[in-house]
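# Architecture and fold: a report
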Amino acid sequence: MMHSTPEALKSVKIVDSHVHLSQWYEHGQNFIDSLRAYREENSLEALGVVCIPYMGQKVKRDVSQNIMAAILKWEDRNIYAFGGLVYPTEPVSLPFPEALRPERQAQVMLDAGFDGIKMLEGKPNARRFLGLPLCSPAYDAYYALLERHRVHIIWHVADPAQFWDPKQVSQQVIDAGWYYGGGGFLSREALYAEILEVLRKFPLLKVTFAHFLFLEDDPEEAARVLDEYPNVCFDLTPHWRMYVSFTNKHDLWRDFFNKYADRLILGTDNVSGYDPARMKKQIDFVRRFIGTGDIMALAGGQGLQGLNLDPDVAEKICSKNFLNRCGQSPRSMDKMVLYDYINSMLPYVAAGELRDQIVRYVKEKLM
Ligand SMILES: [Zn+2]
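In this report, we go over the structure that sits alongside the text. (Residues numbered from 1 in each chain as written. Predicted model: local features only at pLDDT ≥ 70, side-chain atom pairs only at ≥ 80, totals over all residues. Heavy atoms only, no water.)

## Observations regarding the nonpolar core
- Judged by nonpolar contacts, the single largest core of 117 residues is most densely connected at Trp155, Phe212 and Phe234.
- For Phe212, the contacting residues outside a window of four places in its chain are Ala222, Phe234, Asp235, Leu236, Met242, Phe246, Trp253, Phe256 and Leu264.
- Residues Val15, Ala46, Phe82 and Cys233 belong to the second largest nonpolar core, which totals 11 residues. (Core = buried A, V, L, I, M, F, W, Y, C linked by side-chain atoms within 4.5 Å. Buried < 20%, exposed > 50% of the residue type's maximum accessible area, 1.4 Å probe, protein only. Contact = heavy atoms within 4.5 Å.)

Written out as structure tokens, the structure reads:
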């Protein structure tokens, strides 16, 4: 069922801070037009595009993710782009080749005009197959650089607790390669220990942990992380169980959201290749959950009740917090800089249709 924007939310500015890119063309539209339509049709101020060049062994991706995001920024002034690191081998073998040292890659992205960094390295499959602890000294210069420049990092660490439990994991999750109960995956606790080690060492890192850091069943720990690290935020990008927990302890979470109103950020996980109706459904769910008391459904969750936060609190979560962290408008992307950036990265793009599309784009638009 489709809903129009409720009255109470009409004046609340919305930024979707967590959107992904898929292919160049899907559903007969290129990714640039798809995301522009998504933004305009849903009255969003801006989008944060988070790149995941590495997605585990089943999905082959590369630095073309970052290149597509850079092109998107150049085409559309309402896009914040968060680039991801690429890794030459899996598992990582140290030392990194000079050109692919993490701090070097981050500097190249910042010089090109990216608005920040996305990390998927804390997702259990990525962490296992890359084989590099998140708190490895091999990342030290990289974290130091990001801390020094107050770069916004969107970081996926851990996954829903159920993905470790053979009794609770679904076939769909197993098929995706996200069952972590055996086979050399780190425990959730071990993953959390690694990032807390990073934060102890680099306490000024401006990290937003994706999906509420999967702490929806542990409000004390969520509060402790936010209290101890004042530069940390959580995004509210759904996995649906988060919203089940928020509903089950409605008063507790409403208080939590009010108390930490400056530390929570709206996101959806929408993907450029999704059908527009699916994208609308997702953004409507999240914004209504924040700003209304409506009863809704999301994926496996039924009867989810919105927190009905006051408009000023809702606006912080829906846009202000993100804009305060990432700049009131996206950094601009210069045509010559974009051209140089793409050319410097093309050697790392796998041969195929996407690479051809990028090369064609450079010839037609940037030369
Ligand atoms: Zn995501």
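## Section: the packing of helix α9 (residues 240-248) against helix α11 (residues 276-291)
- At their nearest, the axes of α9 and α11 sit 13 Å apart, and the two run at 20° to each other. In terms of axis orientation, α9 runs roughly parallel to α11. In this structure, α9 meets α11 at a crossing whose hand is left-handed. Judged by residue contacts, Tyr243, Phe246 and Thr247 of α9 engage Phe285, Val286 and Phe289 from α11.
- Here the residues of the contact of α9 with α11 sort into five nonpolar, one polar and no charged. (Axes fitted to C-alpha atoms, helices over the stretch in contact; angles between N-to-C directions. Helix = DSSP H or I, 4+ residues; strand = E, 2+ residues; numbered from the N terminus. Parallel < 35°, antiparallel > 145°, perpendicular 65-115°, else oblique. Left-handed = near helix turned anticlockwise from the far one by under 90°. Nonpolar A, V, L, I, M, F, W, Y, C, P; charged D, E, K, R; others polar.)

## Quick notes on the pattern of salt bridges
- All told, the structure shown has 16 salt bridges when counted by the stated rule.
- The shortest N-O distance in the salt bridge between Asp159 and Lys123 comes to 2.8 Å. You can see Asp159 sitting in the loop between β7 (152-157) and α6 (171-175) and its partner Lys123 sitting in the loop between β6 (116-122) and α4 (124-130), a full 36 residues away along the chain.
- Across the pair Glu221 and Arg224 runs a salt bridge whose closest N-O atoms are separated by 3.0 Å. With Glu221 and Arg224 both in helix α8 (residues 219-228) and three residues apart, this pair spans about one turn of that helix.
- Look at Arg224 and you get partly exposed, because its relative accessible area is 34%.
- Through salt bridges with shared partners, a single network forms among Asp33, Arg36, Arg39 and Asp76. (Salt bridge = Lys/Arg side-chain N within 4 Å of Asp/Glu carboxyl O.)

## Some details on the packing of aromatic side chains
- Scanning the entire structure with this criterion turns up 30 aromatic pairs.
- Considering the side-chain rings of Phe114 and Tyr341, the 5.5 Å spacing of their centres and the 65° angle between planes classify their relative orientation as edge-to-face. On the criterion of sequence distance, the pair formed by Phe114 in the loop between α3 (102-112) and β6 and Tyr341 in helix α13 (residues 335-345) is long-range, its members being 227 residues apart. The pair formed by Phe114 and Tyr341 is uniform in burial state, with each residue classed as buried.
- Three or more aromatic residues joined by ring pairs make a cluster, and in this case those are Phe212, Phe234, Tyr243, Phe246, Trp253, Phe256, Phe257, Tyr260, Phe285 and Phe289.
- Taking NZ or CZ as reference, Lys123 lies 3.9 Å from the ring centre of Trp178, over its face.
- Directly above the ring of Tyr274 sits Arg278, whose terminal nitrogen or CZ lies 3.6 Å from the centroid. (Phe/Tyr/Trp six-rings, centres within 6.5 Å; stacked < 30°, edge-to-face > 60°. Lys NZ or Arg CZ within 6 Å of the ring centre and 35° of its normal.)

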